[in-house]
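Reading the structure
If you want the building blocks of each chain, they are given just below.
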Amino acid sequence: MAADQQLALFQTASAFPLPPGVKFSYGTAGFRADASILASTVFRVGILASLRSLKTQSVIGLMITASHNQVSDNGVKISDPSGGMMTQEWEPFADALANASDPDDLFKLINQFVINNNIPFGRGQYAEVLLGRDTRPSGKALLEAAKQGVNAVIGAIAVDMGILTTPQLHWMVRCRNKGLKASESDYFAQLSDAFGCLMDLRSQTIETNRTDSKVIVDGANGVGGKKLEELKQGVKGLEIEVRNSGKGEGILNAGVGADFVQKEKLFPGGFGESDSGTRCASLDGDADRLVYFCVLKGNSKKVDLVDGDKILSLFAIFIKEQMSLLEEKKEKIKLGIVQTAYANGASTDFLKQMDLEVVLTPTGVKYLHEKAAEYDIGIYFEANGHGTILFSENFLHWLETRNAEVSHTSAGFEAQKAALRLLAVSKLINQAVGDALSGLLLVEVILLYLGWSIERWNELYQDLPSRQIKVSVADRMAITTTNAETLVVTPPCLQEAINSEVAKHSRGRSFVRPSGTENVVRVYAEASTQQAADCLAQSVAEHVKHFLALATSN
Ligand SMILES: CC(=O)N[C@H]1[C@@H](OP(=O)(O)O)O[C@H](CO)[C@@H](O)[C@@H]1O
Ligand SMILES: [Mg+2]
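As a convention, each chain's residues are numbered from 1 in the sequence order in which they are written. Chains and ligands are labelled by the order in which they are written, letters from A for the one and numbers from 1 for the other. Thresholds applied to this predicted model are a pLDDT of at least 70 for local features of residues and 80 or more for the giving and counting of side-chain atom pairs; totals over whole chains, interfaces and linings are not thresholded and use all residues. To get the side-chain values, all heavy atoms of the structure are used, and hydrogens and water are removed first.

Description of the UniProt feature "binding site: Mg(2+)" (unreviewed entry) in the protein chain
For the record, the criterion: UniProt positions are given in the numbering used here, feature names are shortened, and annotations may be inferred rather than shown by experiment. In this text, helices come from DSSP runs of H or I with a minimum length of four residues, and strands from runs of E with a minimum of two, each type numbered from the N-terminal end. For this analysis, residues touch if any pair of their heavy atoms sits within 4.5 Å. In the analysis that follows, any N or O atom pair within 3.5 Å is treated as a polar contact, provided that within protein one partner can donate a hydrogen and the other can accept it, and provided that, for residues neighboring in sequence, both atoms belong to side chains. Only protein chains enter the area calculation, which uses a 1.4 Å probe; residues under 20% of their type maximum are buried, those over 50% are exposed, and those in between are partly exposed.
When the UniProt feature table is mapped to this numbering, "binding site: Mg(2+)" (unreviewed entry) covers Ser67, Asp284, Asp286 and Asp288. For the annotated residues, spread through 222 residues, the largest C-alpha to C-alpha distance comes to 8.1 Å, consistent with a single compact locus. In this fold, Ser67 is placed in the loop between β2 (59-64) and β3 (73-79). Ser67 has contacts with Arg32, Asp134, Arg136, Asn253, Asp284, Gly285, Asp286 and Asp288, leaving out every residue within four places of it along the chain. In terms of polar contacts, Ser67 uses its side chain to reach the side chain of Asp284, at 2.9 Å. Within the secondary structure, Asp284 is located in the loop between β8 (279-283) and β9 (290-295). The exposure class assigned to Asp284 is buried, which follows from its relative accessible area of 0%.

Here is the structure:
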């Protein structure tokens, strides 16, 4: 490494010392922690992003957000050139960088990594990193740390894109690397144009039993609400009312947002009983998750939740219908559905009954996205509302060719419309990562296309009662799993204990795994009644505590 580069790294790294006694891990969705201890991590991720840009000779993204976590937390993650999550191959290096004890250690690690991976490094090289952050107050200072990290690598430049949703930044990175228009106004224009196109392509003959033209959206007091206010200016034919838009006094994610609504099954702050009868939706703190809900009458604050699994099912119905309208090739198009073990069992049954290929991956979009990309059309969703629809380049190319042909028959005409609809969906729904804003517009236009109310949609199947609990333990990593996290490998015998609890309940299912974003073990259970699901979750949680206490004492 050249002397000037070495000096630049040493000088800036000493301004960001590692906080004592913490160990950082890249986790399910990047590094997350209390914002007060994150400056050194974000600085080092800035360096990492520059190296990734040098290695791939492409634009890379760096997003500062802790999504649905409390406002005092923050986090940082990297977008790869495709707009997807950073390759998992670089995660061990990310961990090593974040935990390097001093500038000397950091320098050695970088030097070795650059050599081992043949990274073009030094004068004459060019790297570019787009930086984004959510509305957290700690974001501004952390963004400065990221900038300094990027700039510590000679030849790298950091471009501050301002306050963005996570999916906006991923979208921009993808567009930049494809040589497409990539500004925020391009993003808004693409979404509203594609929405308009799908509105125009609705069949006039479908009878609609809908009276509700309005959707009310909870913006989690974060960036999503703010951006939706802008997006809706270009959206015609749909009334969107934004609440908890991040402009007022409300605290980010406090009793609001998609995570709260999905986990508690209660309506968010800013909503009330008078909203029953209106279609409602909720975004999370960085607007990559979306759930719908209906406020129930009574004083319970309870909602009927329409979660990510139901959004997935709605999308699958629509896509399958369009595929059946395509005259030729339809047998050959590979459509795949990707879920995690958190998907409600009733949703998986429903999708399988539709003759769809359903696969499970471990938790985290990086796994779901990778799997979905193997299909011509891959639809993936986590139950918590994070997901999208991916179209392969080959299939899009085929659709474009199909669309250019002149049709003479009515079936040919319908096929052409279906091809146009699929092309519009590929422009509306974010191809880089799950995106609540584009997901919202797609749900809305599909409901209009089908003439469905939210109640009709919710009736597709009935969720099995489920319960999720968090267990605090000394070392959550003592739990290792296999089979898309559905089976425990260690500690030994824990799986047998879970099996014996599951066997006590009709339609019982339960699994446990260490969270990748919080210091807890997550326990999931479902069964034919709520009482049974609660009881199953509780007894499995007891086993987790017991076995982990044994594991740590050994
Ligand atoms: C059960 C659950 O909702 N887990 C979430 C949560 O991951 P954990 O590893 O479970 O903490 O945050 C991830 C990032 O947002 C999200 O992808 C994932 O689905
Ligand atoms: Mg999020």
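Focus: unusual backbone geometry
The residue after Thr490, namely Pro491, is reached through a cis peptide bond having omega -5°. The topology assignment puts Pro491 in the loop between β17 (487-490) and α17 (494-502). You will see that Asn118, though not glycine, has its phi angle at about 50°, which is positive. Mapped onto the secondary structure, Asn118 falls in the loop between α4 (103-116) and β4 (127-133). Unlike most non-glycine residues, Asn483 shows phi in positive territory, near 50°. Among the structural elements, Asn483 can be located in the loop between β16 (480-482) and β17.

Remarks on the pattern of salt bridges
The test is simple: The rule for a salt bridge is simple: a side-chain nitrogen of Lys or Arg has to be within 4 Å of a carboxyl oxygen of Asp or Glu.
According to the stated counting rule, one finds 27 salt bridges in the structure shown. Note that Glu128 is salt-bridged to Arg176, the shortest N-O span being 2.7 Å. Note that Glu128 is positioned in strand β4 and Arg176 in helix α6 (residues 166-178), a separation of 48 residues in sequence. Owing to a relative accessible area of 36%, Arg176 belongs among the partly exposed residues under this scheme. Measuring nitrogen to oxygen at the nearest pair gives 3.0 Å for the salt bridge that ties Arg513 to Glu485.

Some remarks on the sheet that holds strand β12 (residues 357-360)
Convention followed: Paired strands, as defined in this entry, are two strands with at least two bridges between them according to DSSP. For helices, the fitted line uses only the C-alpha atoms of the stretch in contact; every axis is such a line through C-alpha atoms, and the angle between N-to-C directions lies from 0 to 180 degrees.
Taken in spatial order, the four strands line up as β12-β11-β13-β14 in an open sheet, and their pairing is mixed. In the strand order of this sheet, the two ends are held by β12 and β14 (387-391), each with one partner. Taking the axes of each pair of neighbouring strands and ignoring which way they run, one obtains an average angle of 20° across the sheet. Of the strand pairs in this sheet, strand β13 (residues 377-381) and β14 are connected by five bridges, and their pairing is antiparallel. Bridge assignment links Ile377 to a residue of β14, and that residue is Phe391. Along the sheet face, helix α12 (residues 365-372) touches β11 (335-339), β12, β13 and β14 and points at about 160° away from the line of β13.

Thoughts on the coordination of the magnesium ion (ligand 2)
Defined as follows: Metal coordination here is assigned from N, O and S atoms located within 2.8 Å of the ion, or within 3.2 Å for Na, K and Ca; omission of water means that sites may look incomplete.
Only Ser67 (OG), Asp284 (OD), Asp286 (OD) and Asp288 (OD) from the protein reach the magnesium ion (ligand 2) as donors, at distances of 2.0 to 2.2 Å. Each donor residue of the magnesium ion (ligand 2) lies on one chain, and together they are spaced S-x216-D-x1-D-x1-D. Of this pair, Ser67 sits in the loop between β2 and β3 while Asp288 is found in the loop between β8 and β9, placing the two residues 221 residues apart along the sequence. For the pair formed by Ser67 and Asp288, the shared burial category is buried.

As for the site of ligand 1
To keep it simple, the criterion reads: Neighbouring residues are identified by heavy atoms, a residue being near a molecule or strand if any of them is within 4 Å of it. In these tables, accessible area is a Shrake-Rupley quantity obtained with a 1.4 Å probe, and a residue counts as shielded only by the protein chains included in the view. The nonpolar class holds Ala, Val, Leu, Ile, Met, Phe, Trp, Tyr, Cys and Pro. Asp, Glu, Lys and Arg form the charged class, and all remaining residues, Gly among them, are polar.
Taken together, 17 residues sit near ligand 1, with Thr28, Ser515, Gly516, Thr517 and Arg522 positioned nearest. One of the side-chain nitrogen or oxygen atoms of Arg289 is found 3.4 Å away from an oxygen atom of ligand 1. The protein chains hide 96% of the 430 Å² of surface that ligand 1 would expose on its own. Within the shell around ligand 1, the residues separate by chemical class into two nonpolar, nine polar and six charged.

Things to note about the side chain of Ser192
Here Ser192 shows up in helix α7 (residues 184-200). In contact with Ser192, other than residues within four places in its own chain, are Gly234 and Val235.

Describing helix α13 (residues 393-404)
At 3.6 residues per turn, the α-helix brings residues three or four places apart onto the same side. Keep this limit in mind: One less than the residue count of a helix, multiplied by 1.5 Å, gives the span that helix is expected to have. Arc, as used here, means the arc of the directions from the helix axis to the C-beta atoms.
The first and last C-alpha atoms of α13 sit 17 Å apart over 12 residues, in line with the 16 Å expected at 1.5 Å per residue. Turning to α13, its buried residues number three or more, namely Phe395, Leu396, Trp398, Leu399 and Arg402. An end-on view of α13 places all buried positions within 160° of arc, on one side of the element. Looking at α13, the residues exposed on the side facing more than 90 degrees away from the buried face are Asn394, His397 and Ala404. On its buried side, α13 packs onto β13, β14 and α14 (410-428).

Looking at the nonpolar core
Let me state the cut-off plainly: To form a nonpolar core, buried Ala, Val, Leu, Ile, Met, Phe, Trp, Tyr and Cys residues must be joined to one another through side-chain atoms within 4.5 Å.
Ranked by internal contacts, the top residues of the largest apolar core, which has 84 residues, are Tyr292, Ile319 and Trp457. Here this core gets 11 residues from one element, more than from any other, and that element is helix α15 (residues 436-450). Grouped together as the second largest cluster of nonpolar side chains are 45 residues, Ala13, Leu48, Ile119 and Leu143 included.

Quick word on the packing of aromatic side chains
For the record, the criterion: Pairs were defined over the aromatic rings of Phe, Tyr and Trp, the Trp ring being its six-membered one, requiring ring centres within 6.5 Å. Orientation was assigned from the angle between planes: stacked under 30 degrees, edge-to-face over 60, tilted for the rest. Ring-over charges, as used throughout, are those where CZ of Arg or NZ of Lys falls within 6 Å of the ring centre and within 35 degrees of the ring normal.
Per the stated rule, a full pass over the model turns up 17 aromatic pairs. Taking 6.1 Å as the distance between ring centres and 10° as the angle between the ring planes, the aromatic pair formed by Phe395 and Trp398 counts as stacked. On the criterion of helical spacing, the pair formed by Phe395 and Trp398 is a turn pair, its members being three residues apart in helix α13. Relative accessible area serves as the criterion here: at 0%, Phe395 is assigned to the buried category. An aromatic cluster is built from Trp90, Phe93 and Phe113, whose rings are joined through pairwise contacts. Over the aromatic face of Phe271 sits the side chain of Arg243, whose NZ or CZ is 4.9 Å from the ring centroid.

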